[in-house]
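Inside the fold
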Amino acid sequence: EEEWRVVPSLSAARLLTDREMEQVFIHGGEAWFLLLHWSLQGVKDALGEPRLRYLKTLGDKIYKLRTLMAHVRDTVDHPMPFQYYHLMNLLLTSNLVLWAYTAGRLQSVFAPFLYF
């Protein structure tokens, strides 16, 4: 995946240790999700017990970021582009409307069967 190409640059910039790099590759899922989780754990450890009330606010922001990133990923991974999907729906609906009009104008008992 494309996101895994970025991970070695994190190690080269000394943002991740070798042990953390191993864990990222073992994880095998979304690398950004694992790094977001680790960042929240690091903040929790750094805040200490008396200031854990701030963790909820940061956790909410990270969860919102994760939701937005997942939405972007889902949008990019669509097999059919958004415009093409709606164009096909428009063509299908107009086709069905024309068939319904034609079936209604026919003077045959079998006209409704042609529509279905």
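Residues numbered from 1 in each chain as written. Predicted model: local features only at pLDDT ≥ 70, side-chain atom pairs only at ≥ 80, totals over all residues. Heavy atoms only, no water.

1. Some words on the overall build of the protein chain
Our working rule: Each helix is a run of H or I in the DSSP string that is no shorter than four residues. Each strand is a run of E no shorter than two, and both are numbered from the N terminus. For every residue, the accessible area (1.4 Å probe, protein chains only) is compared with the maximum for its type, and the residue is labelled buried under 20%, exposed over 50%, or partly exposed between those bounds. A contact between two residues is defined here by any heavy atoms of the two lying within 4.5 Å. Here the Shrake-Rupley method, with its probe set to 1.4 Å, supplies the accessible areas, and only the displayed protein chains count as covering residues.
Across its full length, the protein chain holds six helices and zero strands. Seen in sequence order, the protein chain has helices and strands lined up from the N terminus as α-α-α-α-α-α. Within the protein chain, buried positions represent 15% of all 116 residues. Here the contacts in the protein chain between residues at least 6 apart in sequence split such that 36% fall between residues at least 24 apart. When the accessible surface of the protein chain is summed, it comes to about 9800 Å², and 64% of that surface belongs to carbon and sulfur atoms.

2. Description of the packing of helix α3 (residues 31-47) against helix α4 (residues 53-76)
Going by this rule: Convention adopted: a line fitted to C-alpha atoms gives each axis, helices being fitted over their contacting stretch, and angles between N-to-C directions are expressed from 0 to 180 degrees. Orientation is classified from the angle alone, with under 35 degrees giving roughly parallel, over 145 giving roughly antiparallel, 65 to 115 giving roughly perpendicular, and any other angle giving oblique. Classes in brief: Ala, Val, Leu, Ile, Met, Phe, Trp, Tyr, Cys and Pro nonpolar; Asp, Glu, Lys and Arg charged; the others, Gly included, polar.
For the pair α3 and α4, the least separation of the axes is 11 Å and the interaxial angle reads 175 degrees. It follows from the interaxial angle that α3 and α4 lie roughly antiparallel. Contacts between α3 and α4 involve Trp32, Phe33, Leu36, Ser39, Leu40, Val43, Lys44 and Leu47 from the first element and Tyr54, Leu55, Leu58, Gly59, Ile62, Leu65, Arg66, Met69, Ala70 and Arg73 from the second. When grouped by side-chain class, the residues that make up the contact of α3 with α4 number 13 nonpolar, two polar and three charged.

3. Concerning the nonpolar core
Selection rule: Grouping buried Ala, Val, Leu, Ile, Met, Phe, Trp, Tyr and Cys residues that are joined through side-chain atoms within 4.5 Å yields what is termed a nonpolar core.
Ranked by size, the top nonpolar core spans five residues in total: Leu16, Met21, Val24, Ala31 and Leu34. Those elements that place two or more of their residues in this core are α2 (18-27) and α3.

4. A word on a nonpolar patch on the surface
Spelled out, the test is: Each patch is built from residues that are more than 30% exposed by relative accessible area and take part in no salt bridge. Like charges join if they lie within 9 Å; nonpolar side chains (Val, Leu, Ile, Met, Phe, Trp, Tyr) join within 5 Å. A pair is scored as a salt bridge if a Lys or Arg side-chain nitrogen falls within 4 Å of a carboxyl oxygen belonging to Asp or Glu.
A cluster of nonpolar side chains, contributed by Met80, Tyr84, Tyr85, Leu87, Met88, Leu90 and Leu91, occupies part of the molecular surface with about 680 Å² of accessible area. Within the fold, Leu91 resides in helix α5 (residues 82-105). Judged by its relative accessible area of 46%, Leu91 is partly exposed.

5. Observations regarding the confidence of the model for the protein chain
Short version of the rule: Note on scores: pLDDT gives the predictor's confidence for each residue, bounded by 0 and 100.
Of all residues in the protein chain, 84% attain a pLDDT of 70 or more, and the chain-wide mean is 80. The least confident element of the protein chain is helix α1 (residues 7-12), whose mean pLDDT is 63; the most confident is α5, at 90.

6. Section: the environment of Pro112
As for its placement among the helices and strands, Pro112 is situated in helix α6 (residues 111-115). Each C-alpha atom of the pair Pro112 and Ala100 lies 8.4 Å from the other, and the pair is twelve residues apart in sequence.

7. A few points about the packing of α2 against α3
Let me state the cut-off plainly: By convention the crossing between two helices is left-handed if the near helix lies anticlockwise of the far one by an angle smaller than a right angle, and right-handed if it lies clockwise.
At a closest axis distance of 9 Å, the pairing of α2 and α3 adopts a crossing angle of 130 degrees. On the basis of their axis angle, the class for α2 and α3 is oblique. Taken as a pair, α2 and α3 cross one another with a handedness that is right-handed. Note on element contacts: α3 touches α2 through Ala31, Leu34, Leu35 and Trp38, opposite Glu20, Gln23, Val24 and His27. Of the residues in the contact of α2 with α3, the class split is five nonpolar, two polar and one charged.

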